[in-house]
Amino acid sequence: PRSLEHSESLSLEALVDLAQERAKRVAAEVGDGECALSALVSSLRADGTFAELWGRIAADEAARRLGRKCVAFEDASGHAAWTSCSTWSYSIDADFSSPKAGAGTRQ
């Protein structure tokens, strides 16, 4: 399993997928006892999963506040690259959808 270390080259979507894999592994380890949720949250805090996720989400939101909304994709070397950028403005009814065609649909 991949680590969240050096995840700055991953797209936000790939980072979320990786964090979900990590959370599933930890959840399986802690089981479903009375303190399972607490143990899961503690573990994800201790290993930096939450900090990495919220840091990346905050960076994405900050970029959107500056008027940029882009799609990241993984290039041939496994690093994230930006494409499909569009102008964007932050407001109470702002469109937070991705400019990537079909983004957000589940298969």
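Residues numbered from 1 in each chain as written. Predicted model: local features only at pLDDT ≥ 70, side-chain atom pairs only at ≥ 80, totals over all residues. Heavy atoms only, no water.

## Focus on the confidence of the model for the protein chain
Chain-level pLDDT for the protein chain is 76 on average; 64% of the residues reach the 70-or-more range. When the elements of the protein chain are averaged for pLDDT, strand β2 (residues 80–87) gives the smallest value, 69, and helix α2 (residues 36–46) the largest, 92. (pLDDT = per-residue confidence, 0-100. Helix = DSSP H or I, 4+ residues; strand = E, 2+ residues; numbered from the N terminus.)

## Observations regarding helix α1 (residues 12–30)
For α1, built from 19 residues, the straight-helix expectation of 27 Å at 1.5 Å per residue is met to within 8% by its first-to-last C-alpha distance of 27 Å. What α1 keeps buried is the set Leu15, Leu18, Ala19 and Val26. End-on, the buried residues of α1 take up no more than an arc of 100°, which puts them together on one face. More than 90 degrees from the buried face of α1, the exposed residues found are Glu13, Lys24 and Ala28. (Expected span 1.5 Å × (residues − 1). Buried < 20%, exposed > 50% of the residue type's maximum accessible area, 1.4 Å probe, protein only. Arc of directions from axis to C-beta.)

## What to know about the environment of Leu40
Assignment of secondary structure puts Leu40 in helix α2. Judged by relative accessible area, which is 17%, Leu40 ranks as buried. Along the sequence, Leu40 and Arg25 sit 15 residues apart, while their C-alpha atoms lie 9.7 Å from each other. Not counting the four nearest positions on each side in its chain, Leu40 is found in contact with Ala23, Val26 and Ala27. (Contact = heavy atoms within 4.5 Å.)

## Here's the deal with α2
Every buried residue of α2 is accounted for by Ala36, Leu40 and Leu44. For α2, the buried positions fall inside an angular range of 65° around the axis, keeping them on one side. Across α2 from its buried face, at more than 90 degrees, point the exposed residues Arg45 and Ala46. Gly48 sits one or two residues past α2 and shows a positive phi near 90°.

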